[in-house]
Amino acid sequence: MPLPAIINAAPRRDAAILIVDDAPANLGMLRKMMTQQGYQTFVATTGERALSIARRVHPDLILLDVVMPGMDGLETCRQLKQHPGTQRIPVIFMSARAETDDVVAGFDIGAVDYISKPLRMAEVCARVRAQLQIRTTSDSQHEQAQRLRTIVDSMAEGLLIIEGSGRIQYANPACGRYLGCSPEALEKKTLGDLLTPQVTQEYLNYFARCATEPEFAPQPGAREVVIRQCDGSLRAMDLTLAPMAMHETLFIGLLHDITHHKQSETALQRAALLDPLTKIANRRHFDIFLDMEWQRAIRSGEPLSLVVLDVDHFKLYNDTFGHPAGDAALQSVAAVLQAHAPRATDMAARYGGEEFVLLFAETSPADAAALAEAIRADVEALHLPHPRSSTSDSITVSIGVATMIPTQLDHVERLFIAADRAMYTAKEAGRNRVEHVDASSSAWDAVKALVMR
């Protein structure tokens, strides 16, 4: 039976919705309806499974049944709101228990809405659209604030916000690293705690002129100073101070290290670079490499492609043949991956258990999808017998691919989430396949639009 016309209003097309209900009829009906609306859907029949999926794919909204065996909807929602990765996901409860106390309990735990059963499909769609629109607005504001904070927190230079009295109001993490204490500890200090009395007085005089002489137009410039670190030792640094725009009582200070001391050892020299079982890169090595390639992609404007790969039904394989055979299978899969990462800008790594990742710099979405398909086919061509697999009589892999051209306003987590979602979709669609998404964002366009208002 077709859904009412009111349901067909344009939804947020890229939204992902997790539906949690232990009743197959409800689950199937809701999933069909949400899919017809253009949403990407994930399903779970237990609270435990819902938590696992939510922490992995970060859905945009969760439709959650209240009454379920084992962990009920209220406890599931409580744990979602306690986890930093899922606490901002809006939850809509669905329940036949519509008494005031039940509804109030749902809102108290953190739900954004409560739909009574039996479900009215038009109402469900309308409430889902409304909550996604609210989340879009909230996310936009939150993301703008987070982007600005990410920029400040990731700066190599130390940044201070200083009051006209000389009191330090804010310090970014780089200041803490430079001076050997937390930013919070620095925010209890004054310029006089960091600089010599003579230099401190010169800056205080400068602050006073900015506040009392409207015609005074100071030009920002770097000055070499000796900074007293939190442990009392001295460190040579460049300090640049300038008034905050349209705020004569606050000043921005930038600290830049000019001692040029070499680090004792780099992180790569201290840590093992290879996974001991598969002899390809380990997770730590991959994360460091990804950060370098991410920054290079920001500078070059070239696409960066991430492949997330999971061996299908690997637990059953281990249970059937034992862990030594499982280890050998992982080594064979790793060898295939390594063969497909020949460039200095490519890397294959074991990311944990039976999960692998590959990074391809300067690789378009089409090329990345083709590489992933070649990897899938080569793993299948190993013909490693897997009699208990419901997918194939030999070992196979499910692959998610995400490509984006990152900017200073993007975060690498976006690329990982997109690739993880694509891999999960590949599993949902039957495994032994490749799913690809374009993870590019409009963050830079949004900033330009704000600047040009």
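These remarks concern the structure in this document. Remember, it's a predicted structure, so these values are computed and weren't measured experimentally.

**What about the overall build of the chain?**
- The helix and strand tally for the chain stands at 16 helices and 15 strands.
- Sorting the 453 residues of the chain into buried and exposed places 45% on the buried side.
- Carbon and sulfur atoms make up 55% of the accessible area of the chain, which amounts to about 22600 Å² in all.

**Description of the sheet that holds strand β12 (residues 346-352)**
- The mixed open sheet is built from five strands, whose spatial order is β12-β13-β11-β14-β15. Because the sheet does not close on itself, it has two edges, and the strands there are β12 and β15 (434-438). Taking each pair of neighbouring strands and ignoring which way they run, the sheet shows an average axis angle of 15°.
- Bridge count between strand β11 (residues 304-311) and strand β14 (residues 397-404): eight bridges; the pairing is antiparallel. Opposite Val307, over in β14, you have Val401 as the bridge partner.
- Most of the contacts of helix α15 (residues 412-428) go to β14, to which it runs at about 145°, and overall it touches β11, β12, β13 (355-361), β14 and β15.

**Considering the pairing of strand β8 (residues 222-228)**
- For β8 and strand β9 (residues 234-244), the ladder comprises seven bridges, and the chain directions are antiparallel. Residue Arg223 lies in a different strand from β9, and its bridge partner there is Leu239.
- The antiparallel hairpin formed by β8 and β9 contains five residues in its connecting segment, where Gly232 sits at a positive phi of about 95°.

**Considering the pattern of salt bridges**
- Counting across every chain of the model gives 24 salt bridges.
- Arg343 is paired through a salt bridge with Asp346; the nearest N and O atoms lie 2.7 Å apart.
- Take Arg343: its relative accessible area is 35%, and that puts it in the partly exposed class.
- Ionic contacts of the salt-bridge type, sharing partners, join the residues Asp113, Arg120, Glu123 and Arg127 into one network.

**Brief notes about the state of the cysteines**
- Counted under the stated rule, the structure contains one disulfide.
- A sulfur-sulfur distance of 2.0 Å marks the disulfide that ties Cys181 to Cys230. Here Cys181, found in the loop between α6 (173-179) and α7 (183-186), pairs with Cys230, found in the loop between β8 and β9; they are 49 residues apart in sequence, far enough to count as distant.
- Residue classification places Cys181 among the buried residues on the basis of a relative accessible area of 17%.
- Of all cysteine sulfurs, the one in Cys181 lies closest to Cys175, which takes part in no disulfide; the gap is 9.2 Å.

**Things to note about the sheet that holds strand β4 (residues 91-95)**
- Taken together, the five strands give an open sheet; going across it, the order is β2-β1-β3-β4-β5, and neighbouring strands pair in parallel fashion. Two strands in the sheet have a free side with no partner beyond their single neighbour: β2 (40-44) and β5 (113-116). With strand direction ignored, the average angle separating the axes of adjacent strands in the sheet is 20°.
- With four bridges joining them, strand β1 (residues 16-20) and strand β3 (residues 61-65) adopt parallel strand pairing. Bridge assignment links Ile17 to a residue of β3, and that residue is Leu61.
- Here helix α2 (residues 47-57) sits on the sheet and contacts β1, β2 and β3; the angle it forms with β2, its principal contact strand, is near 150°.
- Here helix α5 (residues 121-153) sits on the sheet in contact with β1, β3, β4 and β5, set at roughly 175° to β5.

**So, the side chain of Asn282**
- Looking at the element boundaries, Asn282 is found in the loop between α10 (267-270) and α11 (283-300).
- With a relative accessible area of 15%, Asn282 lands in the buried category.
- Reaching out from Asn282, the side chain makes a polar contact with the backbone nitrogen of His285 at a distance of 2.8 Å.

**Considering the packing of α11 against α15**
- In contact at an axis separation of 11 Å, α11 and α15 are set at 115° when each is read in the N-to-C sense. Crossing hand, α11 versus α15: right-handed. Mapping the contact onto sequence places Phe286, Leu290 and Trp294 in α11 and Val412, Leu415 and Phe416 in α15.
- Across the contact of α11 with α15, the residue classes break down as six nonpolar, no polar and no charged.

**Considering helix α9 (residues 197-212)**
- With 16 residues, α9 ought to run about 22 Å at 1.5 Å a step, and its terminal C-alpha atoms sit 22 Å apart, in line with that.
- Buried residues of α9: Val199, Thr200, Tyr203, Tyr206, Phe207 and Cys210, and no others. Angular distribution of buried residues about the axis of α9 spans 120°; they occupy a single face of the element. For α9, the exposed residues set more than 90 degrees away from the buried face come down to Pro197, Gln198 and Thr212.

**Quick look at the packing of aromatic side chains**
- Applying the stated criterion across every chain yields a total of nine aromatic pairs.
- Judged by centre distance (6.2 Å) and plane angle (10°), the ring pair of Phe314 and Tyr317 falls under stacked. With Phe314 and Tyr317 both in helix α12 (residues 314-321), this residue pair falls three residues apart, about one helical turn.
- Measuring from ring centre to ring centre gives 5.5 Å for Tyr351 and Phe416, while their planes differ by 25°; the resulting arrangement is stacked. In this pair, Tyr351 is assigned in strand β12 and Phe416 in helix α15, connecting sequence segments 65 residues apart.
- What links up through ring pairs into an aromatic cluster is the set Tyr206, Phe207 and Phe251.

**Some thoughts on the nonpolar core**
- One finds Leu309, Leu337, Phe356, Ile375 and Ile399 to be the most contacted residues of the largest nonpolar core, which totals 28 residues.
- Elements with a contribution of two residues or more to this core: β11, α12, α13 (323-339), β13, α14 (365-380) and β14.
- With six residues, α13 is the largest single contributor of residues to this core.
- Apart from the residues within four sequence positions on either side, Leu309 is in contact with Val333, Leu337, Glu354, Glu355, Phe356, Ile375, Val397, Ser398 and Ile399.
- Residues Ala16, Leu18, Val57 and Ile89 belong to the second largest nonpolar core, which totals 25 residues.

**As for the packing of α12 against α13**
- Put simply, α12 and α13 touch, their axes get as near as 7 Å, and they point 135° apart. Regarding the angle of α12 to α13, the classification is oblique. Between α12 and α13, the contacting residues are Phe314, Tyr317, Asn318 and Phe321 on the first element and His323, Ala325, Gly326, Ala329 and Leu330 on the second.
- Looking at the contact of α12 with α13 residue by residue, the classes come out as six nonpolar, three polar and no charged.

The rules we used
- Residues numbered from 1 in each chain as written.
- Predicted model: local features only at pLDDT ≥ 70, side-chain atom pairs only at ≥ 80, totals over all residues.
- Heavy atoms only, no water.
- Helix = DSSP H or I, 4+ residues; strand = E, 2+ residues; numbered from the N terminus.
- Buried < 20%, exposed > 50% of the residue type's maximum accessible area, 1.4 Å probe, protein only.
- Areas by Shrake-Rupley, 256 points an atom, 1.4 Å probe, with all protein chains shown as cover.
- Pairing = 2+ DSSP bridges.
- Axes fitted to C-alpha atoms, helices over the stretch in contact; angles between N-to-C directions.
- Contact = heavy atoms within 4.5 Å.
- Salt bridge = Lys/Arg side-chain N within 4 Å of Asp/Glu carboxyl O.
- Disulfide = S-S within 2.5 Å.
- Polar contact = N/O pair within 3.5 Å; in protein donor to acceptor, adjacent residues only side chain to side chain.
- Left-handed = near helix turned anticlockwise from the far one by under 90°.
- Nonpolar A, V, L, I, M, F, W, Y, C, P; charged D, E, K, R; others polar.
- Expected span 1.5 Å × (residues − 1).
- Arc of directions from axis to C-beta.
- Phe/Tyr/Trp six-rings, centres within 6.5 Å; stacked < 30°, edge-to-face > 60°.
- Core = buried A, V, L, I, M, F, W, Y, C linked by side-chain atoms within 4.5 Å.
- Parallel < 35°, antiparallel > 145°, perpendicular 65-115°, else oblique.

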